[in-house]
Structures are given as C-alpha cells and as structure tokens.
Amino acid sequence: MMMRVAVIGAGAAGLCAARHILARPKVFARPVVFELIDRVGGTWCYEEEVGVYDSGRPVHSSMYRDLRTNLPKEVMMFPDFPFDPELSSFMSHQEVQKYLEKYCQSHSIGPHIRFNTAVEKVQPVTDLQEGGATVTSWRVTSSHVSGLQKTETFDAVFVCAGHYSDPHIPDIPGIQHFKGTVLHSHSYKFPEAFAGQSIVVLGAKASGLDISMELAKVGCQVTLSHRGPRLTFPLPPGINESSTMVSIQEDGSVLFQDGSVGVADVLIFCTGYNFKYPFLDSAELGVDIQQHVMSPLYRYMMPPAFPSLFFIGVCKLICPFPNFNCQVQFALAVLDGTVPLPSRVQMEKEVRQEEQEKLDQGVEHRHLMVIQRHQWDYCQMLARAAGFPPLPPVVRSLYEEVWRQRRIDPDGYRQHNYRLVSATQWEMI
Ligand code: FAD
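Residues numbered from 1 in each chain as written. Predicted model: local features only at pLDDT ≥ 70, side-chain atom pairs only at ≥ 80, totals over all residues. Heavy atoms only, no water.

Named according to an unreviewed UniProt entry, the protein chain is Flavin-containing monooxygenase originating from Cynoglossus semilaevis. Quoted straight from UniProt, the Cofactor (unreviewed entry) entry for the protein chain says "FAD". (UniProt positions renumbered as here; feature names shortened; annotations may be inferred.)

The end-to-end C-alpha distance of helix 3 (residues 93-106), which contains 14 residues, comes to 20 Å, matching closely the 20 Å that a straight helix rising 1.5 Å per residue would cover. Within the sequence span of helix 3, burial applies to H93, V96, Q97, Y99, L100, Y103 and C104. End-on, the buried residues of helix 3 take up no more than an arc of 155°, which puts them together on one face. More than 90 degrees from the buried face of helix 3, the exposed residues found are K98 and Q105. (Helix = DSSP H or I, 4+ residues; strand = E, 2+ residues; numbered from the N terminus. Expected span 1.5 Å × (residues − 1). Buried < 20%, exposed > 50% of the residue type's maximum accessible area, 1.4 Å probe, protein only. Arc of directions from axis to C-beta.)

Our next topic: the domain arrangement of the protein chain. You can read the domains of the protein chain as domain 1 (5-165 + 273-393) and domain 2 (175-269). The interface of domain 1 with domain 2 comprises 19 residues on the first partner and 15 residues on the second. Of the roughly 1,200 Å² buried between domain 1 and domain 2, counting both surfaces, carbon and sulfur atoms make up 45%. Looking only at domain 1, the three residues that lose the most surface to domain 2 are Y64, R65 and Y273, adding up to 45% of its buried area. The interface formed by domain 1 and domain 2 holds one salt bridge in total. Across the salt bridge formed by E192 and R65, the nearest N and O atoms sit 2.8 Å from each other. Across the contact surface, domain 1 and domain 2 share eight residue pairs in polar contact (both at pLDDT 80 or more). Classifying every residue of the side of domain 1 that touches domain 2 gives eight nonpolar, five polar and six charged. (Domains from an automatic or database assignment. Contact = heavy atoms within 4.5 Å. Buried area = accessible area lost by both parts, 1.4 Å probe. Salt bridge = Lys/Arg side-chain N within 4 Å of Asp/Glu carboxyl O. Polar contact = N/O pair within 3.5 Å; in protein donor to acceptor, adjacent residues only side chain to side chain. Nonpolar A, V, L, I, M, F, W, Y, C, P; charged D, E, K, R; others polar.)

A word on the site of the ligand. In the vicinity of the ligand, 31 residues are found, and the nearest of them are E35, T43, W44, H60 and N70. Between W44 and the ligand, the recorded distance is 2.8 Å, taken from a side-chain N or O atom to an oxygen atom. Here V119 contributes a backbone N or O atom positioned 2.9 Å from a nitrogen atom of the ligand. Contact with the protein chains hides 93% of the accessible area of the ligand, taken as 990 Å² for the molecule alone. Elements with a contribution of two residues or more to the shell around the ligand: helix 1 (12-22), strand 4 (117-128) and helix 6 (320-335). Here the shell around the ligand is built from residues that sort into 19 nonpolar, 11 polar and one charged. (Near = heavy atom within 4 Å. Areas by Shrake-Rupley, 256 points an atom, 1.4 Å probe, with all protein chains shown as cover.)

Quick look at the structure:
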C-alpha cells in the first residue's frame, strides 16, 4: 500500500516536500497539502494588512514592502531549480514568491493543495499489530474557510507551517508607561508611516538592521538597541547604536542598560519569533515546544516517539531552501526504509547528548536550534545517510562570503551580483 502523507503549509518547505513526494510515485500516494491562505509562497506572500484577515485568521507573512533578500539567488535557490538568470542576485519578495509559484507549477503540485484550509488538529493513533509491533497513523482535522471540517488519516505528516509568524516580545518592565506606538517587526510594512519620528528598534539581527536603515532614509532618528557586542561596522547617518533597553520609566522614557535614558515616539521589537503549532499537542508527542527551542527532535526533525512526523525547516540561521531540500529527502528516506532509525531511547539519548555538548561549549539554551556554521556538515550527513547528492561546495563558499560582506557593509552588500561558475566556484559580476 502506498503511504499517504499530509503536508501542512504551501510555503517553500511544504512545496519542497510535495515535490519530492510526487517524484516517488511507487512508494507515496499523492500528498495532500493544506494551506491557510489562497496562494503558495508562505512568508513571501506580502500582505499590507496586519493582525487578522476578515476571516478571523491571523496574517502569516512577516515581509515588509521593500525587503530584498539577504541571500543571493545563486545560493538561496533549491539546488535543482535555479531562479530566473535575468534577476539580480538580491531579489524582492515578489520575485521570490513568483519563483515559488513557478516551482509549484513545474512540479505539478497545484492540484494537490487545498487552499484556504487550516489544519486544526494532528493526532497520532497507535495500533497494536499482531506480534506486538505498533504502527502509528495520523488523524488530521482541517477546516476550510467556508466552515467545512474534515478529519482524514495519513501515514505521515510533514509540518511545514513556518516559524516566523508568532512575534516574540520580551517582557519589558514598565512597558505600559510607553506613550507612543509599539509594534513588532511582523507588523512593520514600510517606513513612510514613521517619517521624521524618533524610534527605538530593539534587536540588531537581519530585520532590526534592515528596518533601522529603511527608517533612517525617511528622516527618522533611530536608536538601535541590542544586547550583543558592539557592531563592527559603521552605521549610516540617523542610526545610533545603544545597549539593550531594560525598562520604560514612569514618565514614558526608555532606560538602557548603560544607564542612559532616551525618549521615543515608536518602539519596534525586532526580537524574533516563537515556535507555535496550535494543531499539535506537544505533551502527547513527547516534545517540549518552547518559544525558541523544540526538544527532543532527532536530526532536528522527528520526535523520537513518533518518527513519522517531520518538522521541516526549524533550524535557525541556515540557508533555508537548500536545507529544506536535504531534510525532505532524508525524511522520505526514513519513511521508505532507506534510512534505518535507532530505537526511540537511542534517538533521545543522542539528542540530549548533542544538546549537552552545545551547552557545555557555552551555547545559550535558547540558541539550541541555531546550527549556522554546522549546517553544512548537517546537510552532508543527511545526504550521506539517505543517498542523495550533497549540496555543491559553492553554496557554502558563496553563503559565507555574503555573510562576510554583510558584516562589513550591511547597507551596501546587496549591490553585488554573483554568478556560479562551477560546483566549487563563484564569481562577482
Ligand atoms: P513559511 O514560508 O512561513 O510557510 C508556511 C506556510 O504554512 C504558510 O503558507 C502558512 O500559511 C501555512 N500554514 C501555517 N499554519 C498552517 C495551518 N495550521 N494549516 C495550513 N497551513 C498553515 N530566507 C531566505 O532564504 N532568504 C531571505 O532573504 C530571507 N529573508 C527573510 C525575511 C523575513 C522578514 C522573514 C520572516 C524570513 C526570511 N527568510 C529568508 C526565511 C524564510 O522564512 C524562509 O526562506 C522560507 O520561506 C520559510 O519557508 P517555510 O515553508 O518554512 O515557512
């Protein structure tokens, strides 16, 4: 009997899962892809609306209007599906969304997507077989925007629901005293709305930096407040770096860690996102889902107790599309039996050991899902185990070069264009 797989989400990860499932018709039935909204692309579907749609469902995308990718198309692409060569290396969100539409069309995924359909519940059902073995299937309950609800059974589930939607807002003592506007980068769309105002941006990662630079260009006075070490590059005029914000004082002013005090019209939290899967019961799965960490997940994908449920794309600081492509192929190799798994106990032990090693090396608990410089070994290990081609070395070398450029010139690094020369070489053009 062919395996039935449910895929939750038609963003890059869900499309990638569907593409590889469809490529294995002898083992897998055609997938059912559930998608909340009426288009593919997930976070790349820019929405000017904030909050909730008329249907009452929350806006998923965290894109802002003028965003350009922070990776060049030469490494951002799925390794087997290049972007249009006419595009410049750093693209608009519209160009990425069109690419994902094209990917969907080229692999004939569209007919398998149920748009406007939210997955509401995913439950494992364990059956005892003859001889004492157990088999898990999954009951997936979804509801169409019209209200029609359905429950179906699948052999495996790919959770591709993204994790840049539920804003993480740290507790700031006294925040109720702030007299201006408070928002999270999830709801930031364009800078003109804030022209000329004084703004504290909290967080200096990709979004914090980009948004600060956008705001400075429309005459805002930006205080870029963060807890990391001092930035190593010069900031454009209009942006001042400051230590992290510790509280809001009774008069509405902002107190920073170094003791300085500032006043601001707007406070923008660029403080990241929480993992949130309202359709899962984490206790039932044996996985602790916290704001920034899910554990234990074997190979950053599977709950050891239920290795037919796969979270795709939950590692942080990765080259996303190539990473999804490796994870999906590994997951399918687990399902078709190519990759044998250790026992549940052994998988849990391995995950705990890996986590402990990271903690011993000084990694903060909330950064346990960050794999950054280990991502290449990780993808290589998945490829070796499942027998698919590893990522070409040029992906790593260009990715690392762009990171280096970003650290030197966060405002200008996107002006460059690149070309892949071979599997090992790239050039700037
Ligand atoms: P998403 O794109 O979030 O897709 C998840 C999908 O699941 C959505 O369509 C959603 O509607 C659907 N869904 C969620 N819950 C349910 C449910 N219960 N039922 C049914 N459907 C559901 N990556 C890069 O490679 N380059 C960049 O330059 C880059 N810039 C970024 C900038 C921003 C501001 C953000 C937020 C992210 C950026 N990323 C970038 C990372 C980006 O998130 C990934 O590249 C990738 O698009 C994530 O794909 P995904 O499929 O995992 O999640």
